Amino acid sequence: MSTVERLKHASEGLFYVQSTHESRHTMRSEIDALSAHEAETISEHAKEIAKHFGIYKQRERNESGKKDGDFIFMVRVKIPAGGELTPAQWLALDAAADRYADGSIRLTARQGVQFHHVRGHNLHPLIRHINTSYSDNGFQLTTLGACGDVNRNTVASPIDDLDAELPLDSRELAYAVAREMTPRSSAYYQVFLADRSGQQIAPLNPEEPIYGAQYLPRKFKVGFAHPHDNSVDLLTQDVGFLPRADGRGVTGYDLYSGGGLGATHNQPDTMPLLALYLGVVQREQVLDAVRAIVTIQREHGERRNRRAARWKYTIRRIGVTQLKETLRERFGIALADAEPLPLPPVLDHLGWHREAGAGDFLYTGILIPNGRVRDEVAIRYRSAIRRIVAQLEGIGVRVTPNQHLILAHVPAARREWIERTLAEHGVPFDGEVPRIHRLAMACPAKPTCGLAMTHAERALPRYLAELEREGLGSVDVMIRMAGCPNSCSRPPTAEIGIIGYGKNDYVLMVGGARDGSRLARVLYPRLGERELIEALMNLVRAIRDRNPHRLSAGDYLDQTPDAELKTHN
């Protein structure tokens, strides 16, 4: 077993931290030390347990990348299917950003929310605030299971039930998966939610009926696409579902399994992989299928080498034929063989759209650059959203997999007021957003993420600005950037993907498909920043000028030989 596996096993349901082979202490004791200003951060062993509570231990980094600043934390909130958040829920998140973090709300590519630069003494009150300040809206907002070796935030198309042509209810399935796959241990509640008078010196309930004593070998991800929208990147999920709909409704769900984009530089045994098609399941067995695949991963996943521990490797060791047989015979899943439906494209959701239903309601997508909801000098995203949400009764807020926001259930009569409010706060809206920005996305990376090799969120806006200055802002191309090969912002399925390599170098990939059905290939294995910007300009200019058949950007880059793509205009 790896060190992490031993720590999980010794934790008795995430309650204890094993400091040595002979001694252990409670996770609560480390959190209490932070609250009392008796410690700057948590121990390295506690760090692995804390991930399951949605907490990442971090340290501020200087421009060279060295971790020599203050100890801080990132706290991630699970929001299944990206919500729908009520106005009260959004406003409470907004208040927490100032009270406990750095004044920003960071939307994630898995439709959750992150708080950055959380100081140790604010950790306990922030998590307590998240769990106790929000009413249940079909799901419970929590940080439990937002990180760690469990099912992460369950994603779904944010327009699933809003699409006027085909309103569905896959979001309800996403909520059900999230509830079923939440860790059962009482440790989280004892650490963060119990009053001092209710503290215990032992776990009240350490049992995990689904995950077992060691939880899963690695993180696990589940997603639901919509027949018109694959913004969740279905084939990057450990388990993914695409509804099969006809004029009478949903007739089943295409089941995919074994996707994942993380890799390690210079480790050829690690690689991004797309999910494999297994067949069709009925709605009543969607949750059973997820539970069954999680069980198989718990039993057969690699626990010595974490680089080989993801389900995408386990499924390929087992084989699709054997897996389908096991699902049918052991778990009773009525898995029907079929031809998969075509995948829909990744939508940006921006602008106004008619909402499903009898009323005169609309939904609108608002671009949030790289998911960072904050007020800047010229553009006040946080204030604009706060004002709209506070003043428009009945509105719903949804996080998209592109790290943007959707405002749902907007009365048509308030459309002009929303546009005016955004304009007053300097927020670009729909047609004002250059096309090259609409699907661009980056992860937080440096200076907070401990895994990042380079900047991403801070770098991509500069690169896009350079492209605009060259007159290329109107080119329709999906560009994604990550600071390390974990690829949280999904560069390997982008039409142009950028991944950090070393302190100031990057891998440049091209040719992913707009529907997520094809991985990009490496065009340049290593580029410095100036070389990267020049290569981006050349590629985007080629998409515009050397594309006689007007192929989509991804198809053009996929079909054009490397040597031709590297030829400068």
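Scroll up for the structure.
> I would appreciate a short explanation of the overall build of the chain in the present structure.
Each helix and strand in the chain was counted, giving 17 helices and 21 strands. Relative to the 2.2 N^0.38 estimate, which gives 25 Å for 569 residues, the radius of gyration of the chain is 23 Å and therefore close to what a compact globule would have. Expressed as a percentage of the 569 residues in the chain, the buried residues total 60%. The long-range share in the chain, meaning contacts at least 24 apart out of those at least 6 apart in sequence, stands at 66%. Counting every atom, the chain has about 21,500 Å² of accessible surface; 49% of that belongs to carbon and sulfur. When the 72 basic and 70 acidic side-chain charges of the chain are each reduced to a single mean position, those positions are 4 Å apart.

> What is the right way to look at the sheet that holds strand S9 (residues 239–246) in this model?
Pairing is mixed across the open sheet formed by 5 strands, whose spatial order is S7-S8-S9-S10-S11. For this open sheet the edge positions go to strand S7 (155–156) and strand S11 (276–281), each flanked by a neighbour on one side alone. When S9 meets strand S10 (residues 249–257), the two strands line up antiparallel, connected through 8 bridges. Its bridge partner lying in S10, leucine 242 is registered against aspartate 254.

> Which parts of the structure should I look at to understand the sheet that holds strand S12 (residues 351–354)?
Picture the strands of a sheet paired through backbone hydrogen bonds; they go either parallel or antiparallel. If you walk across this open sheet you meet the 4 strands as S12-S13-S16-S15, and the pairing is antiparallel. A strand with exactly one partner marks an edge of an open sheet, and here the two such strands are S12 and strand S15 (396–399). Across the sheet, the mean angle separating the axes of adjacent strands is 25° when strand polarity is ignored. Helix H12 (residues 415–424) rests against S12, strand S13 (361–366) and strand S16 (405–411) of the sheet, and its axis sits at about 165° to S12.

> Please explain helix H4 (residues 87–100) as it appears in this structure.
Note: α-helices contain 3.6 residues per turn, so residues at a spacing of three or four share the same orientation. Taking 1.5 Å per residue as the helical rise, H4 with its 14 residues ought to reach 20 Å, and the 20 Å between its terminal C-alpha atoms agrees with that figure. Those residues of H4 lying buried are Gln89, Trp90, Ala92, Leu93, Asp94, Ala96, Ala97 and Tyr100.

> Please explain the packing of aromatic side chains as it appears in this structure.
Inspection of the entire model under this criterion finds 9 aromatic pairs. Judged by centre distance (5.5 Å) and plane angle (90°), the ring pair of tyrosine 188 and tyrosine 189 falls under edge-to-face. The partly exposed category is assigned to tyrosine 189, whose relative accessible area is 39%. When the ring of phenylalanine 224 is compared with that of phenylalanine 241, the centres are 5.1 Å apart and the planes differ by 15°; the resulting orientation is stacked. Pair noted here: phenylalanine 224 is in strand S8 (residues 222–224) and phenylalanine 241 is in strand S9, with a separation of 17 residues, a long-range link. Summarising the burial analysis for this pair, phenylalanine 224 and phenylalanine 241 share the class buried. Here the aromatic cluster, defined as three or more aromatic residues joined through ring pairs, consists of Phe53, Tyr188, Tyr189 and Phe192. One residue, arginine 24, lies across the ring of tyrosine 16, its end atom 3.8 Å from the ring centre. The side chain of arginine 59 reaches across the aromatic face of phenylalanine 71, ending 4.4 Å from its centre.

> Whenever I open this one, the environment of leucine 343 confuses me. Can you help?
Within the secondary structure, leucine 343 sits in the loop between helix H10 (320–329) and S12. As a C-alpha pair, leucine 343 and glycine 223 span 120 residues in sequence and 14 Å in three-dimensional space.

> Would you explain the pairing of strand S20 (residues 505–510) in this entry?
It is a general feature of regular strands that their side chains alternate between the two faces of the sheet. Within S20, 5 of the 6 residues are buried, which leaves it mostly tucked inside the rest of the structure. Sheet topology note: the strand S19 (residues 496–501)/S20 ladder contains 6 bridges and is antiparallel. Bridge pairing links isoleucine 496 to valine 510 in S20.

> Explanation requested: the packing of H4 against helix H11 (residues 381–391) in the structure shown.
Two measures define how a pair of helices packs: the angle their axes make with one another and the distance between the axes. With their axes 9 Å apart at the nearest point, H4 and H11 run at an angle of 150° to one another. Our pair here, H4 against H11, has a crossing hand that is left-handed. Packed against H4, whose contacting residues are Pro87, Trp90, Leu91, Asp94, Ala97 and Asp98, the element H11 presents Arg382, Ile385, Arg386, Val389 and Ala390 at the interface. Its residues assigned to classes, the contact of H4 with H11 shows 7 nonpolar, no polar and 4 charged.

> What's the story with the side chain of arginine 310 in this structure? I'm lost.
Here arginine 310 lies in the loop between helix H8 (286–300) and helix H9 (311–318). A distance of 3.3 Å separates the side chain of arginine 310 from the backbone oxygen of lysine 219, its partner in a polar contact. With residues near it in sequence (within four places) discarded, arginine 310 still touches Arg218, Lys219, Lys221, Asp238, Gly259, Gly260 and Gln297.

> Looking at this structure, I do not really get the pattern of salt bridges. What am I missing?
Side chains that differ in charge, positive against negative, can pair when their charged atoms come close. Applying the stated criterion across every chain, the model contains 49 salt bridges. We note a salt bridge from glutamate 5 to lysine 8, for which the minimum N-O separation is 2.9 Å. Highlighted residues: glutamate 5 and lysine 8, both in helix H1 (residues 3–10), separated by 3 residues, approximately one helical turn. Across the pair, lysine 8 and glutamate 5 agree in class, each one buried. Residues participating in the shared-partner salt-bridge network are Glu5, Lys8, Asp149, Arg303 and Arg306.

> Would you explain helix H15 (residues 529–545) in this entry?
Taking 1.5 Å per residue, 17 residues should reach 24 Å; H15 reaches 24 Å between its end C-alpha atoms and fits that length. Regarding H15, the residues found buried are Leu532, Ile533, Ala535, Leu536, Met537, Asn538, Leu539, Val540, Ala542 and Ile543.

> Would you mind going over the side chain of glutamine 297 with me for this structure?
Structurally, the position occupied by glutamine 297 is in helix H8. By relative accessible area, glutamine 297 is classed as buried at 0%. Polar contacts involving the side chain of glutamine 297 include one to the side chain of threonine 314, which spans 2.8 Å. Aside from chain neighbours lying at most four places away, what touches glutamine 297 is Leu216, Pro217, Phe220, Ala309, Arg310, Trp311 and Thr314.

> Sorry, what's going on with the environment of leucine 472 here?
When you line up the elements, leucine 472 lands in the loop between helix H14 (460–469) and strand S18 (479–482). Along the backbone, leucine 472 and methionine 537 are 65 residues apart, and their C-alpha atoms lie at a distance of 8.0 Å. Leaving out residues up to four positions away in the same chain, leucine 472 has contacts with Ile436, Leu467, Met537, Val540, Arg541 and Arg544.

> Explain unusual backbone geometry to me, please; I cannot follow it from the model alone.
Note on backbone geometry: most residues besides glycine have negative phi, and most peptide bonds are trans. In this chain, lysine 446 is followed by proline 447 through a cis amide linkage whose omega measures 15°. With respect to the helices and strands, proline 447 occurs in the loop between strand S17 (441–442) and H14. Here histidine 117, not a glycine, exhibits a phi torsion of approximately 60°, which is positive. Take histidine 117: it is sitting in strand S6 (residues 113–118).

> Quick question: what am I supposed to make of the pairing of S19 here?
Most of S19 sits inside the fold, with 6 of its 6 residues counted as buried. Where S18 and S19 come together, 4 bridges link them in parallel fashion. By the bridge assignment for S19, isoleucine 479 is matched with isoleucine 496. A loop of 3 residues connects S19 with S20, the two strands running antiparallel in sequence, and glycine 502 in this loop sits at a positive phi of about 75°.

Rules behind the numbers
- Residues numbered from 1 in each chain as written.
- Predicted model: local features only at pLDDT ≥ 70, side-chain atom pairs only at ≥ 80, totals over all residues.
- Heavy atoms only, no water.
- Helix = DSSP H or I, 4+ residues; strand = E, 2+ residues; numbered from the N terminus.
- Rg over C-alpha atoms; globule rule 2.2 N^0.38 Å.
- Buried < 20%, exposed > 50% of the residue type's maximum accessible area, 1.4 Å probe, protein only.
- Contact = heavy atoms within 4.5 Å.
- Areas by Shrake-Rupley, 256 points an atom, 1.4 Å probe, with all protein chains shown as cover.
- Lys, Arg positive; Asp, Glu negative; His and termini not counted.
- Charge placed at Lys NZ, Arg CZ, Asp CG, Glu CD.
- Pairing = 2+ DSSP bridges.
- Axes fitted to C-alpha atoms, helices over the stretch in contact; angles between N-to-C directions.
- Expected span 1.5 Å × (residues − 1).
- Phe/Tyr/Trp six-rings, centres within 6.5 Å; stacked < 30°, edge-to-face > 60°.
- Lys NZ or Arg CZ within 6 Å of the ring centre and 35° of its normal.
- Left-handed = near helix turned anticlockwise from the far one by under 90°.
- Nonpolar A, V, L, I, M, F, W, Y, C, P; charged D, E, K, R; others polar.
- Polar contact = N/O pair within 3.5 Å; in protein donor to acceptor, adjacent residues only side chain to side chain.
- Salt bridge = Lys/Arg side-chain N within 4 Å of Asp/Glu carboxyl O.

So, to be careful, I would describe these as geometric facts and stop short of saying anything about function.
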